[in-house]
Amino acid sequence: MPKVTLLPHHEICPNGATLELNEGENLCEGLLERGIKIEHACDMSKACTTCHVIVRKGFDSLEEMDDIEGDLLDRAWGLEPDSRLSCQCIIANDDLTIEIPKYTLNHAKENH
């Protein structure tokens, strides 16, 4: 079972975490189901960038992003070459290390 290591984030996961997710599971949904309250303002419909993550390890195990995700990521705060929308990442068989950026562009932050 692949492990997902979250690097510490001052609000969402102050101490970091290591979770086991199932192969084929959606990263954003898996984090939420395991108590990691990652933002997802568009309810995972690929219409915003609030679930933006940086994949520090295991990036190549994820399916290639499509043009819509790439266009959305161009507007994300703290964009890096290994940035992805967590709602579009399907867990493969490799372990991942994920960093949640310090900020999002979500002006109306909600507690999901």
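Described below are features of the structure shown in this document. Source: prediction; values computed, not measured. (Residues numbered from 1 in each chain as written. Predicted model: local features only at pLDDT ≥ 70, side-chain atom pairs only at ≥ 80, totals over all residues. Heavy atoms only, no water.)

**A closer look at the nonpolar core**
Part 1: With 24 residues, the main nonpolar core has Leu-6, Leu-27 and Ile-98 as its most contacted residues.
Part 2: Among the elements of the structure, β1 (3-6), α1 (27-33), β3 (52-57), α2 (67-73) and β5 (96-99) are those that each provide at least two residues to this core.
Part 3: Tallying contributions element by element places α1 first for this core, with three residues. (Core = buried A, V, L, I, M, F, W, Y, C linked by side-chain atoms within 4.5 Å. Buried < 20%, exposed > 50% of the residue type's maximum accessible area, 1.4 Å probe, protein only. Helix = DSSP H or I, 4+ residues; strand = E, 2+ residues; numbered from the N terminus.)

**Here's the deal with the environment of Lys-37**
Part 1: Within the secondary structure, Lys-37 sits in the loop between α1 and β3.
Part 2: Along the primary structure Lys-37 and Cys-13 are separated by 24 residues, whereas in three dimensions their C-alpha atoms are 8.3 Å apart.

**Quick notes on the pattern of salt bridges**
Part 1: Counted under the stated rule, the structure contains seven salt bridges.
Part 2: Its salt-bridge partner being Arg-56, residue Glu-80 comes within 2.7 Å of it at the nearest N-O pair. With a gap of 24 residues between them, Glu-80 in the loop between α2 and β4 (83-85) and Arg-56 in strand β3 connect regions that are remote in the sequence.
Part 3: Judged by its relative accessible area of 30%, Glu-80 is partly exposed.
Part 4: Each of Glu-25, Glu-33 and Arg-34 takes part in salt bridges that share partners, so that together they form one network. (Salt bridge = Lys/Arg side-chain N within 4 Å of Asp/Glu carboxyl O.)

**Focus on the sheet that holds β4**
Part 1: Overall, mixed pairing links the five strands, which are arranged β2-β1-β5-β3-β4 in an open sheet. Sheet topology places β2 (17-20) and β4 at the edges, where each strand pairs with a single neighbour. The average angle at which neighbouring strand axes cross in this sheet is 35°, direction not considered.
Part 2: Alignment of β1 against β2, held across four bridges, turns out to be antiparallel. Opposite Leu-6, over in β2, you have Ala-17 as the bridge partner. (Pairing = 2+ DSSP bridges. Axes fitted to C-alpha atoms, helices over the stretch in contact; angles between N-to-C directions.)

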